[in-house]
Amino acid sequence: MSRHLALCLCVSGLLTGSIPVTRRVSTEDPLRPSCITVDDPYEDLKDVKIYALVYYGRRSYVDILNAYLERNLRTNGGVLDGVIFAMVKYTMEDMNYLIMLQRRNPKSYIIPWHMEGGAWDVIWRLADEPGAYYIKIDDDVVFIADGAIPDMIREKRRGRFLFVSANVVNHGILSAVHQEMSSIPHLEKPPMEVGQTLEEQKLGPWQYKGEVMVDPRYRIEHTFYSDCVWRRWDCAALVHEALLWRLEQNSSCLFDFGIFDFHAHGYETMSDGLGRSIDWNDNFFAFQHEDFDDIDWVGVATDDERQMSTLHPKQRGEHAGALGSAIIAHWTFSIQEKGLLKNTTLLERYRARAEIIMQDNAERFYFGEFQPRGHLWER
């Protein structure tokens, strides 16, 4: 299926007024499940308070994320009652862009002007409504599957896990899980044009070579600080290319592993060799205000990711898990960013996919007004 056709099919579902959600149905071939779409009206969540808590700062990435946030607002047929933007690292231009988005969504977008400076704990204290559910979202999330957020809240409400992560593409742990399940096919970088070097040409879509990755250069270690993925831009490119390729082939449900228990083998099972242990990267996960009743706020202020992913679940004697159907794409770890931006067209392709949703949002919910563009806009 061509990229254009895949995007058109996606939009045709959005324009019908239904909420199409992709589900995995097993077939006789485990590497070729049927990815079907079903309507999900979210009736079971109509009286449940749900907020997104976005680590905000980089408008060029939030330009993409915003399309998915608006798509998921309750006022637009989704489940998010509000989006709280926790200002982390930002310029005045980033702040001005956020104000423009808030004016576009005055009842749903929340800028916590009362938020005082300080350590990481200040951000998490914004999740202060008893009984409400929150989804923590990094500002460089560049794809959110329809149904991902409501499915995560449903799993959280079952009470099996303290924290429920999305199925994150480009993740320290889950990237290895994806490869171990053969969800990542054998893709190769496209050849460069004659006379050009890598510095002169961004790589377009990688080329399909087979269903199983056999190239020894792309063996993803099962650790949160792996060489392949966390440290190498080309490994990060591979996992992103795999997702985009499967989306175009209507086989993205192959990423759905059901549920993955991050703590099946205990806590603090991995270390970076420098005294820091993290059981999973908290790029996108669901929690409740009450989950923090007994949290070590000093620990959160010092290293919030370690506290959330490792120490707090250990203190509670509970596990955190990832939900396979909730597929999202996390753009980059800082060490990958320069190489991904310089050497690939991935961000442009994620943006093109998001622009289809932006257009649909504009036509259905904003009287034809397209969202402000963060990657282009300057005051």
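Described below are features of the structure shown in this document. Here the structure is a predicted model, which is why all the values come from computation and not from measurement. (Residues numbered from 1 in each chain as written. Predicted model: local features only at pLDDT ≥ 70, side-chain atom pairs only at ≥ 80, totals over all residues. Heavy atoms only, no water.)

Here we look at the packing of aromatic side chains
This structure, assessed with the given rule, holds 23 aromatic pairs. Each ring, one from Phe287 and one from Phe292, has its centre 5.1 Å from the other, and the planes form 15°; the classification is stacked. Over the ring of Tyr366 we find Arg104, and its NZ or CZ is 3.7 Å from the ring centre. Across from the ring centre of Trp297, 4.1 Å away, lies the NZ or CZ of Arg125, which sits over that ring. (Phe/Tyr/Trp six-rings, centres within 6.5 Å; stacked < 30°, edge-to-face > 60°. Lys NZ or Arg CZ within 6 Å of the ring centre and 35° of its normal.)

Quick notes on unusual backbone geometry
For Glu268, which is not glycine, the phi dihedral falls at a positive 55°. On the secondary structure map, Glu268 appears in the loop between β11 (259-261) and β12 (284-288). The phi dihedral of Phe367 falls on the positive side, at around 55°, and the residue is not glycine. Within the element layout of this structure, Phe367 appears in the segment after α12 (346-365). (Helix = DSSP H or I, 4+ residues; strand = E, 2+ residues; numbered from the N terminus.)

Topic: a nonpolar patch on the surface
A grouping of Val25, Ile36 and Val38 is seen on the molecular surface, where their side chains present a nonpolar patch of about 180 Å² in accessible area. Classification of Ile36 by relative accessible area gives partly exposed; the value is 34%. (Patch = residues over 30% accessible without salt bridge, like charges linked within 9 Å, V, L, I, M, F, W, Y side chains within 5 Å. Areas by Shrake-Rupley, 256 points an atom, 1.4 Å probe, with all protein chains shown as cover. Salt bridge = Lys/Arg side-chain N within 4 Å of Asp/Glu carboxyl O. Buried < 20%, exposed > 50% of the residue type's maximum accessible area, 1.4 Å probe, protein only.)

Regarding the state of the cysteines
Throughout the structure, instances matching the rule amount to two disulfides. Here Cys35 is linked by a disulfide to Cys253, with a sulfur-sulfur distance of 1.9 Å. One quick way to see it: the torsion about the S-S bond of Cys35 and Cys253 is about -80°, and its sign makes the bridge left-handed. In this pair, Cys35 sits in strand β2 (residues 34-39) while Cys253 sits in the loop between α8 (233-248) and β11, placing the two residues 218 residues apart along the sequence. The pair Cys35 / Cys253 is uniform in exposure class, with both members buried. Linked covalently through their sulfurs, Cys228 and Cys235 form a disulfide whose S-S length is 2.1 Å. Judged by the torsion about the S-S bond (-100°), the Cys228/Cys235 disulfide is left-handed. (Disulfide = S-S within 2.5 Å.)

Examining the environment of Tyr133
Tracing the chain through its elements places Tyr133 in strand β6 (residues 133-138). Tyr133 sits 83 residues away from Ile50 along the chain, and the two C-alpha atoms are 4.8 Å apart. Discounting chain neighbours no more than four positions away, the residues touching Tyr133 are Val48, Lys49, Ile50, Tyr51, Ile153, Lys156, Arg157, Phe287 and Gln288. (Contact = heavy atoms within 4.5 Å.)

Note that all results are geometric; they support no functional claim without further evidence.
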